[in-house]
Amino acid sequence: MPRVLTCIDPAPAADGTCQQTAWIDQGGIADMLPTHEQANAVGFAFFSTLVVVAFVARTFKPPRNF
């Protein structure tokens, strides 16, 4: 994880200067990725929703009479 120098003043000055600074670990793109369990839950919810929408659309679709 990269470290960045960050201003930790309670009220930073208007000119951009800082009295107190600290090195903070900044997360990368890999830290935002979901865990395996979270990915499974989201995938299941997504595909379940698709199935429900397809079922409802097929059930309530008016028949075509030619």
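Use the structure listed above.
Summarised in this report is the structure supplied together with it.

About the cut-offs
Residues numbered from 1 in each chain as written. Predicted model: local features only at pLDDT ≥ 70, side-chain atom pairs only at ≥ 80, totals over all residues. Heavy atoms only, no water. Helix = DSSP H or I, 4+ residues; strand = E, 2+ residues; numbered from the N terminus. Rg over C-alpha atoms; globule rule 2.2 N^0.38 Å. Buried < 20%, exposed > 50% of the residue type's maximum accessible area, 1.4 Å probe, protein only. Areas by Shrake-Rupley, 256 points an atom, 1.4 Å probe, with all protein chains shown as cover. Salt bridge = Lys/Arg side-chain N within 4 Å of Asp/Glu carboxyl O. Phe/Tyr/Trp six-rings, centres within 6.5 Å; stacked < 30°, edge-to-face > 60°. Patch = residues over 30% accessible without salt bridge, like charges linked within 9 Å, V, L, I, M, F, W, Y side chains within 5 Å. Lys, Arg positive; Asp, Glu negative; His and termini not counted. Polar contact = N/O pair within 3.5 Å; in protein donor to acceptor, adjacent residues only side chain to side chain.

**Here's the deal with the overall build of the protein chain**
Summing up its helical and strand segments, the protein chain has 2 helices and 2 strands in all. For a compact globule of 66 residues, the expected C-alpha radius of gyration is about 11 Å, and the protein chain comes in at 25 Å, more than 25% above that figure. Its C-alpha atoms give the protein chain principal-axis dimensions of roughly 80 × 30 × 20 Å. A buried classification covers 2% of the 66 residues belonging to the protein chain. Working note: accessible area of the protein chain is about 6,300 Å², and carbon and sulfur atoms make up 66% of it.

**Points about the pattern of salt bridges**
When the charged atoms of two side chains lie near each other, side chains of opposite charge can form a pair. Tallied over the full model, the rule gives 1 salt bridge. Here arginine 3 and aspartate 25 are joined by a salt bridge, their closest N and O atoms 3.5 Å apart. Here aspartate 25 lies in strand β2 (residues 21-25) and arginine 3 lies in strand β1 (residues 3-7), a separation of 22 residues in the sequence. Owing to a relative accessible area of 52%, arginine 3 belongs among the exposed residues under this scheme. Exposure remark for aspartate 25: the relative accessible area of 48% places this residue in the partly exposed category.

**Observations concerning the packing of aromatic side chains**
On inspection of all chains with the given rule, the structure shows 1 aromatic pair. Ring geometry for phenylalanine 46 versus phenylalanine 47: centroids 5.2 Å apart, planes at 75°, classification edge-to-face. Among the residues examined, phenylalanine 47 registers a relative accessible area of 53% and is labelled exposed.

**Regarding a nonpolar patch on the surface**
Taken together, the side chains of Val52, Phe55, Val56 and Phe60 make up a nonpolar region of the molecular surface, amounting to roughly 440 Å² of accessible area. Structurally, valine 56 is set in helix α2 (residues 36-60).

**A short note on the side chain of aspartate 9**
Looking at the element boundaries, aspartate 9 is found in the loop between β1 and β2. Summary of buried charges: aspartate 9 has no salt-bridge partner, and the nearest side chain of opposite charge, arginine 3, is 17 Å away. There is a polar contact of 2.7 Å between the side chain of aspartate 9 and the backbone nitrogen of glutamine 19. Here glutamine 20 takes part through its backbone nitrogen, which lies 2.8 Å from a polar atom of the side chain of aspartate 9.

Remember that the coordinates give geometry; whether it matters functionally is a separate question.
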